[in-house]
Amino acid sequence: MLNLSNIFSTYLKSDTINIKKEAQKLEEEGRYIEAIDRYIEALNVYPDDKIIYVNLGLLYEKLDKIHEAVEMYKSVLLLYPNYITPLEEIKRAVDNNIDISVDFLEELLMKVTSVKQKKLLLSLLGDIYEKQRNYSVAIEKREAFLEFNPRDIECLHKLAELYRICDYHMDRQKKVLEKLFKLDKEDKKVPSELFEIY
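This text gives an overview of the structure that appears in the document. (Residues numbered from 1 in each chain as written. Predicted model: local features only at pLDDT ≥ 70, side-chain atom pairs only at ≥ 80, totals over all residues. Heavy atoms only, no water.)

## Regarding unusual backbone geometry
Alright, step 1. A positive phi angle is found at Asp64, which is not glycine, with a value near 60°.
Alright, step 2. Tracing the sequence through the fold places Asp64 in the loop between α3 (50-62) and α4 (66-79).
Alright, step 3. When its relative accessible area of 67% is taken as the criterion, Asp64 is described as exposed.
Alright, step 4. Backbone geometry places Asn97, a non-glycine residue, at a positive phi of 65°.
Alright, step 5. By secondary structure assignment, the location of Asn97 is in the loop between α5 (84-95) and α6 (102-111).
Alright, step 6. Here Asn97 falls in the exposed class, since its relative accessible area comes to 61%. (Helix = DSSP H or I, 4+ residues; strand = E, 2+ residues; numbered from the N terminus. Buried < 20%, exposed > 50% of the residue type's maximum accessible area, 1.4 Å probe, protein only.)

## Focus on the packing of aromatic side chains
Aromatic rings in a pair are described by how distant their centres are and how their planes are angled relative to each other.
Alright, step 1. Taken as a whole, this structure holds 0 aromatic pairs when the rule is applied.
Alright, step 2. The ring of Tyr83 carries Lys50 above its face, with NZ or CZ at 4.6 Å from the centroid.
Alright, step 3. The ring of Phe104 is capped by Lys74, whose NZ or CZ atom sits 5.2 Å from the centre of that ring. (Phe/Tyr/Trp six-rings, centres within 6.5 Å; stacked < 30°, edge-to-face > 60°. Lys NZ or Arg CZ within 6 Å of the ring centre and 35° of its normal.)

Right under this line is the structure:
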């Protein structure tokens with residue numbers, strides 16, 4: 001006896017693969033809007049295909065529709081919180097001064113289990129809160145990041161600067177600078193900053 005659901009599923013899968021190939025060909029030809037239409041068609045059949053979401057996001061970026069691209073990345077992160085590629089794309093958007101909801105990122109931070117993803121989220125949230133001048137929360141995010149990677153020189157520098165901005169954290173700033181002094185002997189700025197504190 002034939003199992004019609006298996007036959008139908010196999011047909012849909014092969015049809016979706018063809019649609020994705022067509023979309024990739026259209027993208028290579030620079031026909032981005034048509035490629036988007038084909039990817040959306042494939043997404044209607046397989047709404048949990050993470051590659052389609054990322055490809056749609058990248059296509060929207062090529063059309064300078066950054067907010068639509070970010071929405072695609074957010075959509076895939078809701079389905080796959082530990083998928084690093086869309087979060088890296090969101091970080092790139094934030095680095096280019098695109099506003100992202102911290103509520104979404106904070107919610108995502110609660111869902112992720114991947115250490116790499118948590119570190120990227122903490123770094124991203126630290127950057128966003130610092131840009132918003134919400135220094136106490138930026139400090140919290142940087143300190144949480146250092147729990148995963150206590151020797152991260154870039155994060156230590158950012159944290160030392162945040163402590164400097166918030167004068168009431170002088171002892172913490174001193175400890176971070178002392179750590180940086182030990183880790184990064186080439187940095188000539190750290191000794192002078194330490195001298196100012198002593």
